[in-house]
Amino acid sequence: MRELIAKNTDSSTRAEDVLLHCGAQEAIFCILNALIEPGDEVISLRPGYPSLVGICQQLGAEFNTIEPQ
């Protein structure tokens, strides 16, 4: 599946560059753990996934929301 996805993107994407997740919650968990550090601020549009708040707090980040325009 990763090979098929890579072939349908730009020519520089390799299968080993593609990550697959079982839905949004798993992807949110993985990306936040990869990017967020203690003291960071995360801003999300409201409404959002409830897990965003908990994961950010566990990682020591401040979480804020904004209303979409």
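In what follows, the accompanying structure is described. (Residues numbered from 1 in each chain as written. Predicted model: local features only at pLDDT ≥ 70, side-chain atom pairs only at ≥ 80, totals over all residues. Heavy atoms only, no water.)

### Observations concerning the overall build of the protein
So, step 1. Secondary structure assignment for the protein yields three helices and two strands.
So, step 2. Helices (α) and strands (β) of the protein occur, in sequence order from the N terminus, as α-α-β-α-β.
So, step 3. Computed over C-alpha atoms, the radius of gyration of the protein comes to 15 Å, more than 25% over the 11 Å expected from 2.2 N^0.38 for 69 residues, which places it beyond the range of a compact globule.
So, step 4. For the protein, buried positions account for 20% of its 69 residues.
So, step 5. Taking all contacts inside the protein whose residues are at least 6 apart in sequence as the whole, residues at least 24 apart take part in 17%. (Helix = DSSP H or I, 4+ residues; strand = E, 2+ residues; numbered from the N terminus. Rg over C-alpha atoms; globule rule 2.2 N^0.38 Å. Buried < 20%, exposed > 50% of the residue type's maximum accessible area, 1.4 Å probe, protein only. Contact = heavy atoms within 4.5 Å.)

### Quick word on the pattern of salt bridges
So, step 1. Applying the stated rule across the entire model yields three salt bridges.
So, step 2. Across the salt bridge formed by D17 and R14, the nearest N and O atoms sit 3.0 Å from each other.
So, step 3. By relative accessible area, R14 is classed as partly exposed at 47%.
So, step 4. A salt bridge links R46 to E67; the shortest N-O distance between them is 3.3 Å. A residue pair is termed long-range when its members are at least 10 positions apart, and R46 in the loop between β1 (41–45) and α3 (51–58) and E67 in the segment after β2 (62–66) qualify at 21 residues.
So, step 5. Judged by its relative accessible area of 47%, E67 falls in the partly exposed class.
So, step 6. Residues joined in a network through salt bridges with shared partners are R14, E16 and D17. (Salt bridge = Lys/Arg side-chain N within 4 Å of Asp/Glu carboxyl O.)

So yeah, pure geometry; function would need other evidence.
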